[in-house]
Amino acid sequence: MSERLWSTLRSVAPPVVAIAVGLFVGALLMLSFGFDPVRGYVALFRGSYGSPEAWMESLAFSTPLMVTAITFAVGMSAGLFNICAEGHMYMGAAGAIAVGGMVSLPPGLHLVAATAAAMLVGGLWALPAALLKMWRGVHEVVSTIMFNWIAFWFVLYLIRFHITDPGRAERATPAMITARYPVLGGSLTGVIFVVIAFCVAIYFLLWHTGLGYELRLAGDNPDAARYAGVSFRRVILLTFLIGGLAAGLAGGSQILGRPPSWTVYATLGNLLNLGFQGIGVALIGRNHPIGAIFAAVFFGGLAHGGRFMEYEVGVSAEMVGAINGIIVIALALPEILRIVKRVRAVKE
Amino acid sequence: MSMTVGRSALAIFVVLLIVVGVGGYYIDPDPDSGFDPEAGYDDGYDDGYDDGLAEVPPDTDGDGVPDEFDACPTVAGLPEYGGCLKPPKITVVSDVGGRGDLSFNDMAFKGGEEAETDFGVEMIEIISSTEDDYVPNLRLGALDPDVVLIVGVGYLLTDAIIQVATDFPDKDFAVIDGFAPGMPNVMSILYEEHKGSAMVGALGALLAAEYDYPYIGGVFGIEIPVLWKFEIGYKWGVNWAMQWYEDTYGTPAPGIGATPMKERVLYTYTGTFSDITKGYLAAVPMYEQGAVAVYNIAGPLGLGINDAVNELAEAQGLDSGPPFWIGVDANQDWINPGFVVASMMKRVDRGVYLATQLVIEGTFRDVVEEYGGIVVLGVGTEVSGVSISGISVSTLADLDEFIAMGARAEELTGTTILPGTPSEIRAAVEAMRNAVPDWIWDAIDELAQEIADGTAEVPECSFGCDIDSYRDIYG
Amino acid sequence: MRLRDLVSGRKRLYLFGGLGLLAASIYFLWQTGVGSMRLLETTLIAMTPLTLAATGECINEKAGVINIGLEGIFLIAALSGVYWAEIFQSGVLGLVFGSLTGALIGFFLGVMSVYGKADQIIAGMGINLLAIGLVPFLLMAIWAFPGIHIFPRELMVPRVRLDTPQGLFSMSPVTLLAIGAAILAYVLLHRTLLGLRIRAVGERPEAVDVAGVSVARVRILTSTLGGALAGLGGAFMPLGWFGGLTKEMAAGRGYIALAAVVFAGLNPLLALAGAFLFGFSEALAFTIVVTPGIKDLVPFYFVQMTPYLVTIVALVLVLGGRRFPRAIGRPYRRE
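Being a predicted model, the structure only gives us computed values, none of them experimental. (Residues numbered from 1 in each chain as written. Chains lettered and ligands numbered in written order. Predicted model: local features only at pLDDT ≥ 70, side-chain atom pairs only at ≥ 80, totals over all residues. Heavy atoms only, no water.)

### Quick look at the sheet that holds strand β11 (residues 374-377) of chain B
Residues and elements named next belong to chain B.
- If you trace the six strands from one edge of the open sheet to the other, you get β2-β1-β3-β4-β5-β11, paired in parallel fashion. The sheet is open, and its two borders are formed by β2 (122-127) and β11, each paired with just one other strand. On average, each strand axis in the sheet is inclined to that of its neighbour by 20°, with strand direction left out of account.
- Pairing of strand β4 (residues 172-176) with strand β5 (residues 186-191), which is carried by four bridges, proceeds in the parallel orientation. Within β5, the residue paired with Phe-173 across the bridge is Val-186. (Pairing = 2+ DSSP bridges. Helix = DSSP H or I, 4+ residues; strand = E, 2+ residues; numbered from the N terminus. Axes fitted to C-alpha atoms, helices over the stretch in contact; angles between N-to-C directions.)

So this is what it looks like as structure tokens:
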């Protein structure tokens, strides 16, 4: 077999094994509580991919995950654990509302401005953590966890006092008609094209520009990067900035591209945990921007299909969350990769 | 060596997968489920998927009706629904939270269960885990051809109901607390919570006067316009009571009467209808600062308030209030007899029952048209000439119905929920009610009368209301 | 490390400055009538799970294993604690089993990071994600109710009550245990041979390995211990505090415990102080939000934000340059 095919297969194998482990443990869980895992999974996957309508919904659930995954994936490429997607997303959503819901602009321009605002606010929110890392050496996991929670309470404050929908305190002002992406069907809107384009752009940035090469080199081989004169500060700043833009777009996509509410609730319920799920998506996508698209479709399918499992078999839909967790834990084990390598060695 | 390890690890994994796959297929964990792997897999849908079953259903007694529909429910006095080939289904889609709150959601399911018994429908519960789930969950119900009515429980589902109802014009929808006027297939069922809240607000304020407490409290859920009705009604009730006291006895009320008008109610919105810990955390400082009773306007958070009361009761060795708490939606007096002074009952169950009844009787759309899509249940209200009360303050007479609700919850969870036997609970609630002086109950009756005949007008602050202008008056 | 080193130079300025600010704000709150006995009680209760988890995490990270799955351990241990408490009809046994569950997860994480060479941060996030799905699933599968479970009140771990001149003061024995654990952990880390080994494993695993001490065993031991303490904290939430179990019970406290650890620079005594501070701000948040007059001055949201802001400020001013164990987060590979 050709080397290229093998290398693709090799990079796809660990996520596949991890998914198998996740589904297997999920099946054990169902069995141990007296549910039929076969029926459960048939309902789950038929519900998520069984019809065009199902695809629409699954893709709608996967849209924000594609970009929150980029945040983590770009960080990993540069050797940083950037888990701040959650906070950037909240801020991005607030930015989308500030422009999409509170400012009147001509159609077309409004949509572009609101999307840009979401991304910019997300990007700006990345600066403090990036600066802390650059100048004080604060570990990004610690600072981003703190900034996530600060963003959480800050956006709740904004929703309550500054971007409130008058007369409806439970949510922020919805995006105006001119700032909404066209609905393609079900809950899916045109924002998915923007999101995919963003992923592809990041792919080109990482793999086909000098800047991207520096970034990857800093992640793959810091010593070599140092010899090559790569500025680590620049890499850190760039990584955080891309992460912020991506997660901001995710927040924006939930506002400007998600019917029927077109806004954020005062519980942040329609944003909560999407950033953390992005970590799993990025890992399954092998921290590759294109891989993230496919992994997000899988995760989105789980998120949407879970309800069918509950409807038809009675397994709590939130079980798919447990499967996600197992997959991520399994992916943390590099030994999985090693087993795959050995299998390849055996084959040859 | 390492190659062998790798190979055997893979082999073990593959074998495990196969064993579990096959085992999972052939071991039927639930023999009653009728799942038979040999016969194929029937998902119960006639949706064009080939599930491997013969399309002609068996009919052993040869009466032309397939076996599975022989026991088809017939409801006396009602036309057979759609030839009654399958029991029609209703889906009840709840907000984040769902069953187990012993208030709002459980009341909706209680209504659905009563409809099951009376109309032979089958209720399916769907619980949303995030706001993004509303639309797909409602759609899930709408896609099932057997479903005749989809009920969205909670104001937050309004937008989603409007969208799905537009996509499925042939299905009937009802939304509790929602506001979707002018759609032919959506019935918005609203309640006059402000009136009931005014009554419990007056009750709390008079208790504070009687026992010399400076405040009463309120723990609210997510700040939605529906809750504004509770808030302003409650505060209005407090002021009515203070006025009444002064008019009746000629002096300002003791305790709470000395507190500035705008500070009499300690309250907060917790931003959740599901996290009981927030109910506890919010209630503790209220009792600490001298609230005689805390009104629960946040569904299950009442259980957190109850914990806060229990802690005080244990520390001080009390077996009856004060301090009290005030229940909501259901009659929650049984949850902690002696400490729940009364409950503001909002009969969500009657709303769900009514919608189901109208659909089964075939008059749903007529009624929707007649009322412009908005049906209000409240004090002395009627729908199409039939009187249905949707709001009242709990009495001893209501108790048994709701002790049964607790018993049902016990059955479902397999754990103890009722704090004693039904007769013990009754006795404790009765003793507590008797310990509260008669003049207080009389005053509440007087207010109820004034509200019913319209002499007392409780301000209603709801959709699009300028809440701040009311807060400027009432605090 | 000596106590004197702890408070030297610029750090001393910030530390005493911070403590002075804290004292002043507490005094202010007392004067405005917000502060009270109950505030202290609530603070002590709120700090208990934080202290336990933070203490465990300090030991953990000293040995070079970072466990960011504290939030997940809290949730899973809370559920397990309630489950076993109902089986045995005893709240104390519930705490024990909750702690054992945490220990199991910690052990698992330790084994994964030592033998599986797992990426600890990803594995920890995996535990958090797992808990988000597993807990609602189990709530539904075991008790047939989504999201909530209320257990009989008799299963609550009883509080100790003291008569003080200011009135009745109640306190959970677990709080004392948590404070004791923090002090013991400090002694363990800085005054015993095992503590020396733990710190050495975090700093120079290769040296420890050469000296004949098993890096693997030390790391698995500390990870298990850390998990057990976090598990105890998790089980304490339903059984010693709230009297019920919900799927969002942990409410970010696992992350606050992590913040306390960073804030303390891995010193269990400072972590105890951090946990007290964070517990205080949690207790204060709801007191502020219901008090007329004050609630308009300070938005609730900013009070909730305080622990995280304090940590960030501490990171910027004091701890940014603080060195963490050299081998933290890295699996040890024998060269």
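### Re unusual backbone geometry
- Along the chain, Pro-259 of chain A connects to Pro-260 of chain A via a cis peptide bond; the corresponding omega equals 0°.
- Examined against the element boundaries, Pro-260 of chain A turns out to sit in the loop between α10 (232-256) and α11 (274-284).
- Not every positive phi belongs to a glycine, and Asn-273 of chain A is a case in point at roughly 75°.
- Mapping Asn-273 of chain A onto the fold places it in the loop between α10 and α11.
- Unusually for a residue other than glycine, Asp-177 of chain B sits at a positive phi of about 70°.
- Take Asp-177 of chain B: it is sitting in the loop between β4 and β5.
- Given a relative accessible area of 5%, Asp-177 of chain B falls into the buried group. (Buried < 20%, exposed > 50% of the residue type's maximum accessible area, 1.4 Å probe, protein only.)

### Quick word on the pairing of strand β3 (residues 147-153) of chain B
Residues and elements named next belong to chain B.
- Summarising burial for β3: seven of the seven residues are buried, a large majority.
- Taken together, the five bridges between β3 and β4 define a ladder with parallel strand orientation. Across the sheet, residue Val-153 finds its bridge partner in β4, namely Ile-176.
- Since β3 and β4 lie parallel, the crossover through helix α4 (residues 158-167) that links them has a hand, and here it is right-handed. (Right-handed = clockwise from strand over helix to strand, strands pointing away.)

### Focus: the packing of aromatic side chains
- Using the criterion set out here, one finds 41 aromatic pairs over all chains in the structure.
- On the basis of an interplanar angle of 55° and a centroid distance of 4.6 Å, the ring pair of Tyr-157 of chain A and Phe-302 of chain C is categorised as tilted. Note that Tyr-157 of chain A is positioned in helix α6 (residues 140-161) and Phe-302 of chain C in helix α13 (residues 300-319), a pairing that runs across two chains.
- Ring geometry for Tyr-211 of chain B against Phe-324 of chain B: centres 6.3 Å apart, planes inclined by 50°, an arrangement best described as tilted. Placement of the pair is Tyr-211 of chain B in helix α5 (residues 193-211) and Phe-324 of chain B in strand β9 (residues 324-329), with a sequence separation of 113 residues.
- Using a relative accessible area of 25% as the deciding quantity, one classes Tyr-211 of chain B as partly exposed. (Phe/Tyr/Trp six-rings, centres within 6.5 Å; stacked < 30°, edge-to-face > 60°.)

### Focus on the state of the cysteines
- Under the criterion given, the structure shown has one disulfide over all chains.
- There is a disulfide in this structure between Cys-461 of chain B and Cys-465 of chain B, and the S-S distance comes to 1.7 Å. Of note, the bridge from Cys-461 of chain B to Cys-465 of chain B carries an S-S torsion of about -85° and is left-handed in sense. With respect to burial, Cys-461 of chain B and Cys-465 of chain B carry one shared label: buried.
- Unpaired in this structure, Cys-84 of chain A has its nearest cysteine sulfur neighbour in Cys-199 of chain A, at a distance of 16 Å.
- Under the relative-accessibility criterion, Cys-199 of chain A is labelled buried at 0%. (Disulfide = S-S within 2.5 Å.)

### What about the packing of helix α6 (residues 225-249) of chain B against helix α14 (residues 467-474) of chain B?
Residues and elements named next belong to chain B.
- At a minimum axis separation of 11 Å, α6 and α14 run at an interaxial angle of 20°. What the angle tells us is that α6 and α14 run roughly parallel. As for how α6 packs across α14, the hand of that crossing is left-handed. Along its contact with α6, which presents Trp-228, Glu-231, Ile-232, Lys-235, Trp-236 and Asn-239, the element α14 presents Ile-467, Tyr-470, Arg-471 and Tyr-474.
- Tallied by class, the residues present in the contact of α6 with α14 amount to six nonpolar, one polar and three charged. (Parallel < 35°, antiparallel > 145°, perpendicular 65-115°, else oblique. Left-handed = near helix turned anticlockwise from the far one by under 90°. Contact = heavy atoms within 4.5 Å. Nonpolar A, V, L, I, M, F, W, Y, C, P; charged D, E, K, R; others polar.)

### So, the interface of chain A and chain C
- The interface is formed by 45 residues belonging to chain A together with 49 residues belonging to chain C.
- Where chain A abuts chain C, roughly 4,000 Å² becomes buried across the two surfaces, and 82% of that area is made up of carbon and sulfur atoms.
- Looking at the side of chain A facing chain C, the largest losses of area belong to Arg-136, Met-146 and Trp-153 of chain A, adding up to 17% of the total buried there.
- Inspection of the region where chain A meets chain C yields one salt bridge.
- A salt bridge links Lys-247 of chain C to Glu-318 of chain A; the shortest N-O distance between them is 3.3 Å.
- Taken together, the links from chain A to chain C amount to two residue pairs in polar contact (both at pLDDT 80 or more).
- The element best represented in the side of chain A that touches chain C is α6 of chain A, accounting for 14 residues. (Buried area = accessible area lost by both parts, 1.4 Å probe. Salt bridge = Lys/Arg side-chain N within 4 Å of Asp/Glu carboxyl O. Polar contact = N/O pair within 3.5 Å; in protein donor to acceptor, adjacent residues only side chain to side chain.)

### A few points about the domain arrangement of chain B
Residue and element names in this part refer to chain B.
- The assigned domain composition of chain B is domain 1 (67-191 + 350-377) and domain 2 (193-329 + 437-474).
- Put simply, the middle of domain 1 and the middle of domain 2, counted by C-alpha atoms, are 32 Å apart.
- Contacts between the two partners involve 14 residues from domain 1, matched on the other side by 13 residues from domain 2.
- Summed over both sides, the interface of domain 1 with domain 2 buries roughly 1,100 Å², with 69% coming from carbon and sulfur.
- It is Ser-103, Tyr-155 and Tyr-191 that lose the most area in domain 1 upon contact with domain 2, and together they represent 38% of the buried surface on that side.
- The interface formed by domain 1 and domain 2 includes zero salt bridges.
- Where domain 1 meets domain 2, there are three residue pairs in polar contact (both at pLDDT 80 or more).
- Contributing elements (two or more residues each) for the side of domain 1 that touches domain 2: α2 (104-119) and β5.
- Classifying every residue of the side of domain 1 that touches domain 2 by side-chain character gives nine nonpolar, three polar and two charged. (Domains from an automatic or database assignment.)

### Describing the interface of chain B and chain C
- Counting from both sides, the interface comprises 37 residues of chain B and, opposite them, 35 residues of chain C.
- Between chain B and chain C the total buried area reaches about 3,300 Å² when both faces are included, carbon and sulfur atoms providing 61% of it.
- At the junction of chain B with chain C, the criterion picks out three salt bridges.
- A salt bridge links Asp-307 of chain B to Arg-153 of chain C, with the nearest nitrogen and oxygen atoms 2.9 Å apart.
- Applying the counting criterion to the chain B and chain C interface returns five residue pairs in polar contact (both at pLDDT 80 or more).

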